[in-house]
Amino acid sequence: MATRLSIRTQVLAIIRRDFRVAMRQRSDLVNPILFLLVVVTLFPLGIGPEPATLARIAPGVIWVSALLSALLGLERLFRDDFSDGALEQMLLMPMAVEWAVIAKIVVHWLLTAVPLLILAPLLALLLNLPGEAWGALWLSLLLGTPVLSSIGAIGVALTVSLNKGGALLSLLLLPLLIPLLIFATAAVETAATGLSPAGPLALMAAITVLALVLSPYAVHAALRVSVN
Amino acid sequence: MVTYRPFSIAVRGAMTTLLEAEGIMSVRGERTLFENLNLCVKPGELWQVQGPNGAGKSSFLRIVAGLLPAQAGEVRFAGELIQHGRSNYHSNLLFIGHKAAVKAELTAIENLEFYAAIQGQPLTAPPYELLERVGLVGLEDIPAQRLSAGQQRRIALARLWLSNANLWILDEPFTSLDVAGIAMLHERFAWQLARGGAVILTSHQALDNIPVAVNMLTLEYQH
Amino acid sequence: MWRWLHPYAKPEATYRLNKKILHWLAIPGMVILAVGMVWGLAFAPADYQQGESYRIIFVHVPAAFWSMGFYMGMAIAALSAVVWQIRTAEWAILAIAPVGAVLTFISLFTGAVWGKPMWGTWWEWDARLTAQLILFFLYLGVMALYAAFEDERTGAKAAGILALIGVVNIPIIHYSVYWWNTLHQQSTITQAITRFEKPSIAPEMLWPLLISILGFLFVASTLVILRLNNEILKREVRRPWAQSLLLKEKG
């Protein structure tokens, strides 16, 4: 009996299942957001609330906090699947594993980046980011969060079978995310001075495309190693 | 839309080999688990891989399924190396490993919905008949984490009734099952063999009262 | 084309090759390095701009250069290990990583030491030093990942994948860090060093620099080869070839 099983069906099945699971674990979704808010609050408390200073450091603070909060939320990508055996099954699906990886990255992005994009105006307000830069901030987050999810997925895939993978994950991922950080903050800062952020944003877009295209292959290789 | 070439098993009685493993060697850490292991599975055969704890039964099953690379040897499905014919192999294979792959947060029905979808038979209605077969009627709306180990395993095993894969590879399928559950599995294996499929499994217990012939592959513990 | 390399997938062949190479690398390397160091640190003329303290480039530049070069070497080993599953290549990753990390550390240390007499600070977020710092983290990541796995072969493959991802990222990181630096006008050390790397450097300074670079290569390679042989022996100690070798060496 021939089985007509399209890639679309399988990808949608994964997305549907992962969303259902995520909705039953709401606190896992909320914690990184709360962490982000707390961290952003710490900076004015630590550095002083002087508006000009805050405005000066706002792009960097928002992006560094977003990075740290993303690290917190990355483990959900593969850890549960690893412990209950769903990861093995993912590697045994008829379609190329890279599609399944893309499905999981998409779900992760929707669950972690969308709250961040919604909160961005609030963060800009708390740190006194100049109005001209709000658009650039939002765009930089829109372009950069897919990179966080896809490169983060590589790190998680490499460490998912380790017991204390958490700290190691940060060491592995942060060097790889530094270009993203540099261009993102540059975009926002440029916009804050009234100039066009097109240059850095274009560089970010290039990185995003590169990450989205190449990371499924790297994640696949890493998952094969971790499942050994 | 991609079609996967199904392995034709309509040729009953033909001596075509479904799966062939030749010269398989596995080294984990410093220990050689086994070497020069061979297995030839034809349509309609049930194979039990047996051996003491630590002999490498699970590793062998995972090598055959393609999850673990062997240090030596080849595995072929329908004549093709599994590394080359991956999608064909995977669309004709059902592997249920040690871990049940049941999502703890989802109910039995939701788990089954996922598996039905990726096995090519999307559920249009709640599968009451299936639930009855595996003895989960009345428990279908409870999150799996609140079910017993045996009940969770039944959710995983329900895939056997949703599957038309030609080759089943099952690691300790009888774990946590009661007598009724074991009989139910035996029946399903008979069904699979009758249609020309094959089953490879491991089990700590002897397969008593099973209505089909059992071929044995014995692994010895290597020191 | 690569057929001549195939025999070296066997640890024994690589071990013997390494021993032969060591003859040519070890002692000549130490001599060359000594010559370069003494010439550069003691005898080369003083710089008209920076006086005596520029001499640190004879240590800094070779260390920085080879810290990158050895990462490339590690990536090539990683490619062999991940794609072709060659065990010797897996051990090569383990052999190269610490040496590369030390070279990177030396470049960071000498970069910092240079800064102090010149500009009064121990550390400056200069493009070059920042890029070296990130490279240091990349090396540490590979070493930490390798060590974190219980099964060594799995660890080697994971570390290999990470090394390959690092290699793809290094040009991007370099570009972004230098770009970031021009944005914030902090490139004093880079400018100071680049002066010496341009073709217009005086021959009295160029020769000791080139000799130092060669010396660093030889000595660091010696260390890598010694480490690789060590790893090979550690794992192959029960094989007959290793047993007869060790017996022969004993007496």
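A quick note: this is a predicted structure, and the numbers were derived from the prediction, not measured.

Cut-off values and rules
Residues numbered from 1 in each chain as written. Chains lettered and ligands numbered in written order. Predicted model: local features only at pLDDT ≥ 70, side-chain atom pairs only at ≥ 80, totals over all residues. Heavy atoms only, no water. Core = buried A, V, L, I, M, F, W, Y, C linked by side-chain atoms within 4.5 Å. Buried < 20%, exposed > 50% of the residue type's maximum accessible area, 1.4 Å probe, protein only. Helix = DSSP H or I, 4+ residues; strand = E, 2+ residues; numbered from the N terminus. Contact = heavy atoms within 4.5 Å. Buried area = accessible area lost by both parts, 1.4 Å probe. Salt bridge = Lys/Arg side-chain N within 4 Å of Asp/Glu carboxyl O. Polar contact = N/O pair within 3.5 Å; in protein donor to acceptor, adjacent residues only side chain to side chain. Axes fitted to C-alpha atoms, helices over the stretch in contact; angles between N-to-C directions. Parallel < 35°, antiparallel > 145°, perpendicular 65-115°, else oblique. Nonpolar A, V, L, I, M, F, W, Y, C, P; charged D, E, K, R; others polar. Pairing = 2+ DSSP bridges.

A:Phe78, B:Phe60, B:Ile169 and B:Ile200 are the most contacted members of the largest nonpolar core, which totals 181 residues. Top element by residues in this core is helix 8 (residues 165-192) of chain A. It accounts for 14 residues. Among all residues touching B:Phe60, those that are not within four sequence positions of it are B:Ile24, B:Phe34, B:Leu37, B:Leu39, B:Val49, B:Leu217 and B:Leu219. Counting 37 residues, the second-largest nonpolar core is a separate cluster that includes B:Leu193, B:Val199, B:Ile210 and B:Val212.

Residue-level contacts link five residues of chain B with four residues of chain C. Of the roughly 270 Å² buried between chain B and chain C, counting both surfaces, carbon and sulfur atoms make up 30%. At the junction of chain B with chain C, the criterion picks out zero salt bridges. Taken together, the connections running from chain B to chain C amount to zero residue pairs in polar contact (both at pLDDT 80 or more).

The next subject is the packing of helix 6 (residues 97-126) of chain A against helix 9 (residues 198-226) of chain A. All names here are of chain A. Between helix 6 and helix 9, the least distance of the axes is 9 Å, while the angle of their chain directions is 105°. Classified by the angle between their axes, helix 6 and helix 9 sit roughly perpendicular to one another. For the pair formed by helix 6 and helix 9, the contact residues are Val-97, Glu-98, Val-101, Ile-102 and Ile-105 on the first element and Ser-215, Pro-216, Tyr-217, Val-219, His-220, Leu-223 and Arg-224 on the second. In terms of residue class, the contact of helix 6 with helix 9 is made up of eight nonpolar, two polar and two charged.

Turning next to the sheet that holds strand 1 (residues 19-28) of chain B. Residues and elements named next belong to chain B. The four strands are arranged 2-1-4-5 in an open sheet whose pairing can be described as antiparallel. Only two strands of the sheet have a single partner each, and these edge strands are strand 2 (31-41) and strand 5 (80-81). Bridge count for strand 1 against strand 4 (residues 72-77) is five bridges, and the pairing is antiparallel. Counted as the bridge partner of Glu-22 is Glu-74 from strand 4.

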